[in-house]
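Chain and residue survey
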Amino acid sequence: MSLLDEDRDSLSNAEYEQLVTRLTLEELPVENDSITAVISEIDAITRTGKAVLRKFEIVDEEGVLEYVEETPNANVHGLLSTTAFLEDFLRSPELNEAIPELNTENGFSGYHWYSDTNHRSRATDDSQTFDSYHPVFVDGYLAWLLIRGGAYESFSGTDATAKALGRQFTDAVIGGRYEQITGYRLEEIQWSEWFDGIPHWDETLILVDSEKSLLWLFMFTSTS
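Quick summary incoming for the structure in this document. Each chain carries its own residue numbering, running from 1 in the written order of its sequence. Restriction of local features to residues with pLDDT of at least 70 applies here, the model being predicted, together with a cutoff of 80 or more for giving and counting side-chain atom pairs; totals for whole chains, interfaces and linings are based on all residues. Excluding hydrogens and water, the side-chain figures rest on all heavy atoms present in the structure.

Turning our eyes to something else, we now look at the pairing of strand β6 (residues 214-221). When accessible area is computed with a 1.4 Å probe and restricted to protein chains, residues below 20% of their type maximum are described as buried, those above 50% as exposed, and intermediate ones as partly exposed. The way it works is that DSSP assigns letters per residue, a run of H or I at least four long becomes a helix, a run of E at least two long becomes a strand, and they are numbered from the N terminus. The element β6 is extensively covered by neighbouring structure, given that 8 of its 8 residues are classed as buried. With burial as the criterion, each face of β6 is covered, one bearing L214, W216, F218 and F220 and the other bearing L215, L217, M219 and T221. Bridge count for strand β2 (residues 50-59) against β6 is 8 bridges, and the pairing is antiparallel. Looking at the pairing, K50 lines up with T221 of β6. Pairing of strand β5 (residues 203-209) with β6 involves 7 bridges; the strand directions are antiparallel. Looking across to β6, one finds that L207 is bridged to W216. At least two DSSP bridges between two strands are required for those strands to pair. Between the end of β5 and the start of β6, which pair antiparallel, lie 4 residues, with S213 showing a positive phi angle near 55°.

Here it is, written out as structure tokens:
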């Protein structure tokens, strides 16, 4: 009998580990102009850096995400935070094919990944964690990036315009379904040499949509 056929009151870390192996990823195009317009505005302030967004389908043919959501005392955050899913995603062939400059298939190369931030490789430390980031903050987070600007470039619009762009993004990606979105932020972490390596300018946001089986990855880097 499969674990997915059993009714449980909770899921252990070992059971999360069993379930997460049944999920795979496939890149999808970002075709929504409301989304790409916001990323273009953020990219414009990086100068020699870059802002990118990638979208992936979580291929879930067995209904793992639904099973986790329907199990009492279990949730997608538990599934993602107690397994290597997020770290494996950042090292995956799918992501490296989408962004070849990452070069993470053989491990993380960013100097700051091994700092005292708890963001470490599982090969050396099982305390690997990702900072949970509630999706209600995403519009303000993107607005803040615009208002802060890059190392050399500033946003030409007002704070209100920046906030409106953040809302434009979240309206298209989240659409008020905050309960179905699980977010993680890597703040000032250079987990790949793709980033410019100045912690203040390195940002990563991951949004997992359990209802639509989607994973969104946003990365920002500038230079000083």
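This part takes up the sheet that holds strand β1 (residues 24-28). Ordered in space as β1-β2-β6-β5-β4-β3, the 6 strands form an open sheet in which the pairing is antiparallel. Since the sheet does not close on itself, it has two edges, and those belong to β1 and β3 (131-132), each with one partner. Bridge count between strand β4 (residues 181-187) and β5: 7 bridges; the pairing is antiparallel. Directly across from Y184, in β5, lies its bridge partner I206. Most of the contacts of helix α2 (residues 33-43) go to β2, to which it runs at about 145°, and overall it touches β2 and β6. Contacts are assigned to residue pairs with any non-hydrogen atoms lying within 4.5 Å of each other. A fitted line through C-alpha atoms serves as each axis, taken over the contacting stretch for helices, and the angle formed by two N-to-C directions is quoted from 0 to 180°. Its contacts with the sheet put helix α7 (residues 138-148) on β4, β5 and β6, and the angle it makes with β5 is roughly 160°.

Here we take up the pattern of salt bridges. As a working rule, side chains carrying opposite charge can pair if their charged atoms are close by. By convention in these notes, a salt bridge is any Lys or Arg side-chain nitrogen within 4 Å of a carboxyl oxygen on Asp or Glu. Applying the stated criterion across every chain yields a total of 11 salt bridges. The shortest N-O distance in the salt bridge between R22 and E62 comes to 3.0 Å. With R22 in the loop between α1 (13-20) and β1 and E62 in the loop between β2 and α3 (64-70), this residue pair connects regions lying 40 residues apart in the sequence. By relative accessible area, which is 46% here, E62 ends up partly exposed. Residues K50 and E101 are paired through a salt bridge, measuring 3.4 Å at the closest nitrogen-oxygen approach. Of this pair, K50 sits in strand β2 while E101 sits in the loop between α6 (93-98) and β3; the two residues are 51 residues apart in sequence, bridging distant segments of the chain.

By convention a nonpolar core is built from buried Ala, Val, Leu, Ile, Met, Phe, Trp, Tyr and Cys residues, the set being connected through side-chain atoms within 4.5 Å. Counting 40 residues, the largest nonpolar core has L19, L79, L90, L95, W191, L215 and M219 as its most contacted members. Grouped together as the second largest cluster of nonpolar side chains are 27 residues, L53, A143, F169 and L214 included.

Before going further, it helps to examine a nonpolar patch on the surface. In this analysis, a patch consists of residues with relative accessible area above 30% that form no salt bridge, clustered at 9 Å for like charges and at 5 Å for the nonpolar side chains Val, Leu, Ile, Met, Phe, Trp and Tyr. Every accessible area reported is derived by Shrake-Rupley at a probe size of 1.4 Å, with residue values counting cover from the shown protein chains alone. Together, V136, F137 and Y178 give the surface a local cluster of nonpolar side chains, amounting to about 270 Å² of exposed area. With respect to the helices, strands and loops of the structure, F137 is situated in the loop between β3 and α7.

What follows deals with the pairing of β4. Counting buried residues in β4 gives 6 out of 7 residues, a clear majority hidden from the surface. Note that β3 and β4 share 2 bridges and pair antiparallel. Its bridge partner being in β4, S132 is matched across the sheet by Y184.

Tracing the sequence through the fold places D202 in the loop between β4 and β5. A distance of 3.4 Å separates a polar side-chain atom of D202 from the backbone nitrogen of G197. Beyond its immediate sequence surroundings of up to four residues, D202 is in contact with L186, E187, E188, I189, Q190, F195, D196, G197, F220 and T221. Under this definition, polar contacts are N or O atom pairs within 3.5 Å; protein pairs additionally need one hydrogen-donor-capable and one acceptor-capable atom, and for neighbouring residues in sequence, both atoms have to be side-chain atoms.

Secondary-structure assignment places R177 in the loop between α8 (159-173) and β4. In this structure the side chain of R177 is engaged in a polar contact, spanning 2.8 Å, whose partner is the side chain of E211. Excluding residues that lie within four positions of it along the chain, R177 makes contacts with D209, E211 and K212.

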